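# Report on the structure
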Amino acid sequence: MTRFELYHQKSRQISWKGPIYFLLTFIIVTAGFFVFRYYYLSTIKIESPDENLGSQVVIHLPDGKEVFTYENYIFEKDGRTYYKGERNTIDLTGGTVIYENWE
């Protein structure tokens, strides 16, 4: 061993501790983010307001067909009976309205 080797420090090998700690920290932070996101999204509940639809009604039409609906969807205008749905209006004039529970 020479005098130079004796009194001068040897070059250090690459330390793997730094990248391993960085990778471990990154994995822990990422897992924490996804756990927090899942918990936060599961606490959000969107509830629609309850509609009062009225009694269940069966309307027997003159041609023998039946219409199952709720009382609040039926209205009369100018002596005619109409069904007012979400997207359409149907003329039910001449039908008999019977209040009964249906499944």
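Refer to the structure above for everything that follows.
Please read all numbers here as calculations on a predicted model, not as lab measurements. (Residues numbered from 1 in each chain as written. Predicted model: local features only at pLDDT ≥ 70, side-chain atom pairs only at ≥ 80, totals over all residues. Heavy atoms only, no water.)

### Topic: the sheet that holds strand β4 (residues 80-84)
Basically, it comes down to this: Strands are treated as partners if at least two bridges between them are detected by DSSP. Every helix listed is a DSSP run of H or I at least four residues long, and every strand listed is a run of E at least two residues long, numbered separately from the N terminus. Think of each axis as a best-fit line through the C-alpha atoms, taken over the contacting stretch in the case of a helix, with angles from 0 to 180 degrees between the N-to-C directions.
What the three strands build is an open sheet, ordered β3-β4-β5; its pairing is antiparallel. Each of the sheet's edge strands pairs with one partner strand only, and the pair in question is β3 (74-77) and β5 (89-91). The average undirected angle you get between the axes of adjacent strands in this sheet is 35 degrees. Where β4 meets β5, three bridges bridge the pair, whose relative direction is antiparallel. Bridged to Y83 within β5 is I90.

### Regarding the pairing of β3
With four bridges joining them, β3 and β4 adopt antiparallel strand pairing. Note on β4: the bridge partner recorded for I74 is Y83. The turn joining β3 and β4, which pair antiparallel and follow one another in sequence, is formed by two residues; a positive phi near 55 degrees is taken by D78.

### Some words on the packing of aromatic side chains
Defined as follows: Pairing of aromatic side chains here covers Phe, Tyr and the six-membered ring of Trp, requires ring centres within 6.5 Å, and sorts the geometry by plane angle: under 30 degrees stacked, over 60 edge-to-face, intermediate tilted. A 1.4 Å probe rolled over the protein chains alone gives each residue an accessible area, and that area as a share of the maximum for its type sets the label: buried under 20%, exposed over 50%, partly exposed in between.
Per the stated rule, a full pass over the model turns up five aromatic pairs. The interplanar angle of 70 degrees and the centroid separation of 5.4 Å between the aromatic rings of F33 and F34 together place this pair among those described as edge-to-face. The class of F34 is partly exposed, set by a relative accessible area of 48%. Centre to centre, the rings of F75 and Y82 are 5.6 Å apart; their planes meet at 25 degrees, and the pair counts as stacked. A residue is classified by how much of its surface remains accessible, and F75, at 32% relative accessible area, is partly exposed.

### Comments concerning the side chain of T81
We count it as follows: Note on contacts: a residue pair is in contact if any heavy atoms of the two residues lie within 4.5 Å.
Positionally, T81 belongs in strand β4. Exposure remark for T81: the relative accessible area of 17% places this residue in the buried category. Those residues within four positions of T81 in sequence are excluded, and the remaining contacts are I74, F75, E76, I90, D91, L92 and T93.

### As for unusual backbone geometry
Residues other than glycine seldom take positive phi values, yet D78 does so here, at roughly 55 degrees. On the secondary structure map, D78 appears in the loop between β3 and β4. Given the relative accessible area of 73%, D78 is considered exposed.

### Concerning a nonpolar patch on the surface
Note the threshold: Residues enter patches when their relative accessible area tops 30% and they take part in no salt bridge; the joining distance is 9 Å for like charges and 5 Å for the nonpolar side chains Val, Leu, Ile, Met, Phe, Trp and Tyr. Residue burial considers only the protein chains on display, and all accessible areas are found by Shrake-Rupley using a 1.4 Å probe. The rule for a salt bridge is simple: a side-chain nitrogen of Lys or Arg has to be within 4 Å of a carboxyl oxygen of Asp or Glu.
On the surface, F36, Y40, L41, I44 and I46 cluster together to form a nonpolar patch covering roughly 590 Å² of accessible area. Relative to the helices and strands, L41 resides in helix α2 (residues 17-42).

### Remarks on the sheet that holds strand β6 (residues 96-99)
Read from one edge of the open sheet, three strands run β2-β1-β6, paired in antiparallel fashion. A strand with exactly one partner marks an edge of an open sheet, and here the two such strands are β2 (66-70) and β6. On average, each strand axis in the sheet is tilted by 25 degrees relative to the strand beside it, whichever way the strands run. Taken together, the four bridges between strand β1 (residues 56-60) and β6 define a ladder with antiparallel strand orientation. What sits directly across from I59, in β6, is V97.

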